[in-house]
Amino acid sequence: MNILCIGGGPAGLYFGLLMKQRHPGHRVVVVERNRPFDTFGWGVVLSDQTLENLRAADATSARLIGDAFNHWDDIEVFYKGRSVRSTGHGFCGIGRKRLLNILQDRCLELGVELVFETDVTDDQALAAQYNADLVIASDGLNSRIRNRYAQAFVPDVDLRECRFVWLGTRKTFDAFTFAFEQTEHGWFQAHAYKFNDDTSTFIVETPEAVWKAHGLDSMSQEDAIAFCERLFAKYLDGNALISNASHLRGSAIWIRFPRVVCKTWVHRESINGRPVPIVLMGDAAHTAHFSIGSGTKLALEDAIDLADEFSSGHDMDTVLQGYEARRSVEVLKIQNAARNSTEWFENVDRYSGMEIEQFAYSLLTRSQRISHENLRLRDARWLEGYESWLAGGKPVLPMLTPLKVREVELRNRIVVSPMATYSAVEGVPQDFHLVHLGARALGGAALVFVEMTSPTPEGRITPGCPGLWNDTQQAAFERIVRFVHGQSSALIGLQLGHSGSKGSTQLGWEHTDEPLPAPDGRPDAAPNWPLLAASAVPYGPQNQVPRAMTRADMDALTAAFVESTRRAAAAGFDWLELHCAHGYLLSSFICPLTNHRTDEYGGNLENRCRYPLEVFAAMRAVWPAHLPMSVRISAHDWAEGGNTADDAVRMARLFKDAGADFIDVSSGQTTRQARPVYGRMYQAPFADRIRNEVGIRTIAVGAISEADHANSIIGAGRADLCAIARPHLADPAWTLHEAARLGSRAVEWPRPYLSGRDQLYREISRQKMAAAPSRLAHPLSKQ
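Residues numbered from 1 in each chain as written. Predicted model: local features only at pLDDT ≥ 70, side-chain atom pairs only at ≥ 80, totals over all residues. Heavy atoms only, no water.

Novice: Outline the state of the cysteines, listing residues and values.
Specialist: Using the criterion set out here, one finds zero disulfides in the structure. Here Cys162 stays free of any disulfide, with the sulfur of Cys228 as its closest cysteine sulfur at 13 Å. The thiol of Cys609 is unpaired, and the distance to the nearest cysteine sulfur, on Cys580, comes to 8.2 Å. Since its relative accessible area comes to 0%, Cys609 is described here as buried. (Disulfide = S-S within 2.5 Å. Buried < 20%, exposed > 50% of the residue type's maximum accessible area, 1.4 Å probe, protein only.)

Put into structure tokens, the structure is as follows:
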């Protein structure tokens, strides 16, 4: 096979040498526009794990790269005149030029042809010249090849909010250093690390608005560097900052990071009368923000994956399909983490109210890939110190710290999320609800929520959903509340909501969100009840069209919510939540995709929130002042033209001003057109933003499945409570079991369970001893 790699960065060089190493008969040519020793970066960072991957792929080049690496374990954070240092992080730094030269030498040793100083303007002509069977487009971030075939690759390029400049310095840092400096216009941060014996990378980053406010957009390169030297003088110890981008003028050295993602990575063109695949690799296919140091890692791992697949013996089509399928998923994982990290650095001011202890913890866990227990593996002493600081005494897992809200004391931070069970009869909770909710109250959570409960018969989602509009329903709830209060330390909350356009549907285990079916042979006798919503917009084409609410409808429904609130207080509930999310009635007012009104309840966000706020205010007025109220919102509609995270911040401010104690931050489900970006803890960033920008407590919910997730969220100040749903369906004692698994006894067990608790702790201790390694070694060390 004749292989042509266009672009001599890490991806093209590494793929070239791997293919030549494994298939010496192939002709492999790498074409690069620069000279061999040109480079416009400074150092690059790889983790110890990436170095292990390189050793497995090509031990010779990995040894040379490893010998050239500067390895460090520590991260040090400087903020507001103080610093925090933690260890065990396991990074390697190497000069970009040195890395390229090692790969170039290895290519030449194996017989790869390297062609320099050739600026490729026509990839097809070059492919024809070399009679290429395969073209690798490894021509970097600004890939001409990707742009030429944009219709096929469908690239999406998102320019991020910060400006950054990539500099160097002779000051050698002994830890990966994050330094934050506040000016009269905002925050600047430096990312600094040593990559050889006498040089460090020094990246300066700031939001574009701050950059412009300081006039950096009109400064010369020399003046801008001098500005950075003055700003970070205390960290440089008299050393200068150095640029190796003399070819750029003025503010061109400051760039906005472009996040690149492509829909497809493989395209075919007819060259010399046959279809030749053109394959994206490295930055041409994707980018990941430098704050998680994964750009070079991804490029090298692209090369390893494709080379491995070619060694499998499969045909070309199968090889390339597998490469794209696997790598696009791996890249998505990294890019999700990179997005979280990028947004953290874009919004440093959001966290500027934190003490350095929590600020540093938030920074370390910002990507959501590094968790609480992962930090314990890295630096147990530092983490225990942080747990002690957070708890105000002895070290306690963050999720097990208490919290006082109004006059209510929560024993820990775990909530059993409201989950529809479709088991009520005429809106009346049954024995099932007593057992279901009672078991979870005994399971260690601080707060157990009843599923969404309607104030009217027509406000139920399904015929099996509970309501609170009559004495029988109230008495059934009182029975459940008495059990929870009498047999556990948990509190119990009620979520009130009206289904709106999503009502009169089948039970969850039948056909979710679909209308109730008509009896066989009687299509005119369907048991559906009439629906109300902000506008006459059905949830889907098969759903019933709701009637747009009149002023009289609003007044009547507000009165029903107030009556249910009074009944909830009489039943003894400790907490009340108003459901304004997921496309239900109040959500239909807030979402612009479902609110087409032209009166004072439609139009801008403030108008769209007007009726939900009226309902909340009326409920708050009759709900006991010493008890908390929360509001569940959809923080993002995940659909074009819908609400976004920016709108969620404004919603939260409105509800905070109305007297809400918490915002329960969910997302989506407002329209069938929603296309959420799922992932573990995928809604936590919304809760984080609302909590730290608006200054209101939040509940994080969604794909939180482990204690490690909850501890990271609470520990970083992303939310104040974590609502756990499906894990509690599988294990009513989820909180007790997760605490035991992590060795914590800071959770209260019901007295009848104490003997079982002691046996469980003994068994967990036995399993840990059996699994312990035979020798002590740091889990992230070079070994």
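Novice: Describe the packing of helix H1 (residues 10–22) against helix H11 (residues 295–310), with residues and values.
Specialist: Between H1 and H11, whose axes approach to 8 Å, the crossing angle comes to 25 degrees. With respect to H11, the element H1 is oriented roughly parallel. Handedness of the crossing formed by H1 with H11: right-handed. Contacts between H1 and H11 pair Pro10, Ala11, Tyr14, Phe15, Leu18, Met19 and Arg22 from the former with Thr296, Ala299, Leu300, Ala303, Ile304, Leu306, Ala307, Asp308 and Phe310 from the latter. For the contact of H1 with H11, the residue count by class is 13 nonpolar, one polar and two charged. (Axes fitted to C-alpha atoms, helices over the stretch in contact; angles between N-to-C directions. Helix = DSSP H or I, 4+ residues; strand = E, 2+ residues; numbered from the N terminus. Parallel < 35°, antiparallel > 145°, perpendicular 65-115°, else oblique. Left-handed = near helix turned anticlockwise from the far one by under 90°. Contact = heavy atoms within 4.5 Å. Nonpolar A, V, L, I, M, F, W, Y, C, P; charged D, E, K, R; others polar.)

Novice: Give a description of the nonpolar core that names residues and reports values.
Specialist: In a soluble, globular protein the nonpolar side chains are often hidden away together inside. Leu410, Leu494, Phe573, Tyr611, Phe655, Ile663 and Ile690 are the most contacted members of the largest nonpolar core, which totals 106 residues. Among residues more than four places away in sequence, those in contact with Phe573 are Val450, Phe477, Val481, Ile492, Gly493, Leu494, Ala568, Trp623 and Leu627. With 72 residues, the next largest nonpolar core counts Ala127, Ala285, Val331 and Ala338 among its residues. (Core = buried A, V, L, I, M, F, W, Y, C linked by side-chain atoms within 4.5 Å.)

Novice: Give a detailed account of the packing of H11 against helix H12 (residues 316–346), specifying residues and quantitative values.
Specialist: Their axes nearest at 9 Å, the elements H11 and H12 cross at an angle of 155 degrees. In terms of orientation, H11 lies roughly antiparallel with respect to H12. Here H11 runs over H12; the crossing is right-handed. In this structure, H11 uses Lys297, Leu298, Glu301, Asp302, Asp305, Leu306, Glu309 and Phe310 to contact H12, whose residues at the interface are Met316, Thr318, Val319, Leu320, Tyr323, Arg326, Arg327, Val331 and Ile334.

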